[in-house]
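Inside the fold
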Amino acid sequence: MGDMFCFQCQQTAHNTGCEGSAGVCGKKADTANYQDDLVSALIGLARAVRKKGATEKSDELMLKGLFTTITNVNFYNDTICALIDEVNKEKEAIAPQTDNYDVQTIWDGDEDIRSLKSLILFGLKGMAAYAYHSYALGYTDKEVQEFFYEGMEALGEEHTAEELLGLVLKTGDVNYKCMAMLDHANTETYGTPVPTTVPLTIEKGPFIVVSGHDLHDMKLLLEQTKDKGINIYTHSEMLPAHGYPKLKAYPHLKGNFGTAWQSQQSEFHNIPAPILFTTNCLMPVRQSYSDRVFTTSIVSYPEMVHIGEDKDFTPVIEKALDCKGYDREKPLKGINGGSTVTTGFGHGAVLENAGKIVDLVKKGKIRHFFLIGGCDGAAPGRSYYTEFAKTLPDDTVILTAGCAKYRYNKLPLGDIGGIPRVLDAGQCNDSYSLVRIALALKEAFGLGSVNDLPIVYNIAWYEQKAVIVLLSLLSLGIKNIHVGPTLPAFLSPNVLKVLTDKFGLGTISTVEKDMKNLIYENNDGKHVPEGIGDAVRG
C-alpha cells in the first residue's frame, strides 16, 4: 500500500497531517490505509441500510468499525482487515451490489468540504465510542443509531457547505443524547458516582493495571479476581471507576497507577504486573513490558494476547500471579506530586450541593468556574494547563472531565467553603455532567442563557472523542470556547471563520494573556471581574 494521510488528532505532524510511512502516534502507513478502507466500507454499509433497513449485526458493526479507527485503538492490520470483510459481507446481505465509497475522495477534495466532512466523520467516531460502551451494557437509542447511517451516507454524497454545517451541528446534538444515554447506562448499572479519594500507592503483592474507558470490562475483571489475592489499579481514564458505588464495593479495587496515557511507555517500564487495555489510548508497546500487555474489545496490537468476547481474563490473572507485583509498598507520584486524587463529582454529586454553590456565588466567594476538560497529550505546550490552573485566583472553581485533569488534579488548590476547587466529573464522556451542572446553575440563577454564567471554557483536545464533545457544546449554543493546545488541522480557514463568527471559537495563547482575556473580558470586550455574584445578589 502507498503512503498515508491522517490529520484526525491534535499531534498530527506540523499541525497539517501525517504523511509518508508512519504517523506521530506510531500507526504505520498500511494500518492507516486499512483504517480508511474500513471507513469506506462503513459508508457502503450505511448506503445499504438507508435503502433496506438496519439489522442488529449492522448496528454493531457500525459502532465497532468507527471505534476501531479512533486514534490509539487498533494497530493490527489483521483485525482491521477481518472487520472490513465482516462489514462488506453484511452490506451484501442487506442490499447486494451496493458500492462502497473511497474516503480518499474526501481527502483530495475541496478544502472546505473536506473540513466539514472531517468534523462529521471524526465526530461520528467519537460518538461511536460512547454508543459502544452503552451497547455493552445493553442500552441503545434508535435516534442515535439511525444517525450513524445518515451521517456516514452523507460523507459519500455531494452537499453544499451550508448543508454540511447543519449536519455538523446535528452530529453534536445527537451526541448529547448519546452521552445522556451512556450516563444513564453507567449510573443504572453501577450507581451514581460519589466523591472519592483515590490513593496513588501500590500495595505489596500481585496486581493488575486496567487502562481505557470500559467500565463493563472493569466489573468483569473485578468479579473474576475476587478472593484471588490480586489487587486492581486504574490507569488514566479508568480513574473515575472508583466513584461508582457498585465498583468501589470491591475491596481489591485499590487505587490509581500513574498518570495520563501519554506517559505509559515510561510508567509501565519493567512493571511487575500485567496491563489490560480495554479501549484507547494504547501507544506502541515497548519490549520492557510487552509480555505483560493484554488487549480486549476493539483494542488490538500485533503479538499481544487478546481477550475475546467470552471475557475470560484467566491469562491476565495468571500473569499477575506469575509477576508477583512489588515486594514492598510503592508510592507513585503524579505530574505535580501528591499521594491521592479525588474523583466522583458528576452531576449527581455536584447538584446535591447546588444550594451551597449558589450561596457561595451570591456571597462573592466563588466568582468564576473554569471548564478545563478534555484530553491530555505529549506536546510540551500542554504544561500550559498546569500553569493556567496554578495561576487561577482563589475564588475560582475548575470543572473537569477526561484525562486532561492529570495536569492539575494533584495541585494543592484547596476548597471554597467546603467545595473543592477541582471537581472531577469523570471520563471524557462525562462532559455531559459538566453541561448538566451548567444548565442547572443557569436555572438556579434565573438566567436566559448558559452563556450568561461566569463559566470559561478552556478545553484541551487530542482525539475524536474531544471533537464530538466540542460539537455537542456548539450544538447547545455555548459560545466563546477556547480549544488547545492547537486548533484542529482539519479546520480550513473558511470553516474556522464561520465557527469563530457564529460561536466565538478560539484557541489558547499564553497563560498571562489568557488569564487577562478569559477572566476579565469576555469576547465582546465587557469587563466582568466580579463574576455573576453582582447580578444575583441584589
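Above this text is the structure in question.
Figured I'd write up the structure that's included with this text. Computed from a prediction, not measured in an experiment: that's the story for all the values here.

The strand order across the open sheet formed by six strands is β17-β14-β13-β18-β19-β20, and the pairing between neighbours is parallel. Where the open sheet ends on each side, the last strands, each with one partner, are β17 (422–424) and β20 (506–507).

Further remarks concern the nonpolar core. Core analysis: the biggest nonpolar cluster contains 143 residues, and F148, M152, F257, I271 and I481 have the highest contact counts within it. With twelve residues, helix α5 (residues 111–136) is the largest single contributor of residues to this core. Beyond its immediate chain neighbours, meaning those up to four positions away, I271 contacts F207, V209, F257, Y289, R292 and Y326. Core analysis: the next-biggest nonpolar cluster, separate from the first, contains 24 residues, V210, L222, I232 and F313 among them.

Turning next to the environment of T192. On the secondary structure map, T192 appears in the loop between α7 (161–190) and β3 (196–199). Spatially, the C-alpha atoms of T192 and K362 are 28 Å apart, while their sequence positions differ by 170 residues. When neighbours within four sequence positions are excluded, T192 is seen to be in contact with T187, G243, P245 and G348.

Once that is clear, we can look at the sheet that holds strand β6 (residues 231–234). Note: strands within a sheet are paired through backbone hydrogen bonds, in either parallel or antiparallel orientation. Spatial strand order, β7-β6-β5-β8-β9-β10: six strands in an open sheet with parallel pairing. Whereas interior strands pair on both sides, the edge strands pair on one side only; in this sheet they are β7 (253–256) and β10 (305–307). Neighbour-to-neighbour, the strand axes of this sheet turn through a mean angle of 30°, independent of strand direction. Sheet topology note: the strand β5 (residues 207–211)/β6 ladder contains four bridges and is parallel. Considered in β6, the bridge of V209 is made with Y233. Docked against the sheet, helix α8 (residues 215–224) engages β5, β6, β7, β8 (275–277) and β9 (293–296), running at close to 165° with respect to β6. In this fold helix α11 (residues 314–323) packs onto β5, β9 and β10, with an angle of close to 135° to the strand it touches most, β5.

Examined against the element boundaries, R50 turns out to sit in helix α1 (residues 29–52). Considered as a pair, R50 and G17 are 33 residues apart in the sequence and their alpha carbons are 32 Å apart. Excluding residues that lie within four positions of it along the chain, R50 makes contacts with Y149, E150 and E153.

As a further point, take a negative patch on the surface. Among the surface-exposed residues, E309, D310, D312 and E318 lie close enough to one another that they form a single negatively charged patch. Position of E309 among the secondary structure elements: in the loop between β10 and α11.

Within this structure, the stated rule accounts for 22 aromatic pairs. Their ring planes at 75° and their centres at 5.8 Å tell us that F268 and Y289 sit as a pair that is edge-to-face. Of the two residues, F268 sits in the loop between α10 (264–267) and β8 while Y289 sits in the loop between β8 and β9, which places them 21 residues apart along the sequence. No difference in accessibility class separates F268 from Y289, as the two residues are buried. Site record: aromatic cluster; members linked through ring pairs are F207, Y233, F257, F268, F277, Y289 and Y326. For K330, the ring lying beneath its charged end belongs to Y326, and the centroid distance is 5.4 Å.

We now examine α5. Two residues of an α-helix separated by three or four positions point the same way, owing to the 3.6 residues in each turn. The end-to-end C-alpha separation of α5 is 37 Å, in line with the 38 Å expected for 26 residues at 1.5 Å each. For α5, the tally of buried residues reaches 21 of 26 residues, placing the bulk of the element in the interior. The opening residue of α5 is D110, an N-cap whose side-chain oxygen sits 3.0 Å from the backbone nitrogen of D112. Where α5 ends, the next residue or the one after it, G138, has phi of about 90°, a positive value.

Criteria and thresholds
Residues numbered from 1 in each chain as written. Predicted model: local features only at pLDDT ≥ 70, side-chain atom pairs only at ≥ 80, totals over all residues. Heavy atoms only, no water. Pairing = 2+ DSSP bridges. Helix = DSSP H or I, 4+ residues; strand = E, 2+ residues; numbered from the N terminus. Core = buried A, V, L, I, M, F, W, Y, C linked by side-chain atoms within 4.5 Å. Buried < 20%, exposed > 50% of the residue type's maximum accessible area, 1.4 Å probe, protein only. Contact = heavy atoms within 4.5 Å. Axes fitted to C-alpha atoms, helices over the stretch in contact; angles between N-to-C directions. Patch = residues over 30% accessible without salt bridge, like charges linked within 9 Å, V, L, I, M, F, W, Y side chains within 5 Å. Areas by Shrake-Rupley, 256 points an atom, 1.4 Å probe, with all protein chains shown as cover. Salt bridge = Lys/Arg side-chain N within 4 Å of Asp/Glu carboxyl O. Lys, Arg positive; Asp, Glu negative; His and termini not counted. Charge placed at Lys NZ, Arg CZ, Asp CG, Glu CD. Phe/Tyr/Trp six-rings, centres within 6.5 Å; stacked < 30°, edge-to-face > 60°. Lys NZ or Arg CZ within 6 Å of the ring centre and 35° of its normal. Expected span 1.5 Å × (residues − 1). Polar contact = N/O pair within 3.5 Å; in protein donor to acceptor, adjacent residues only side chain to side chain.

Taken by themselves, the reported measurements are silent on function.
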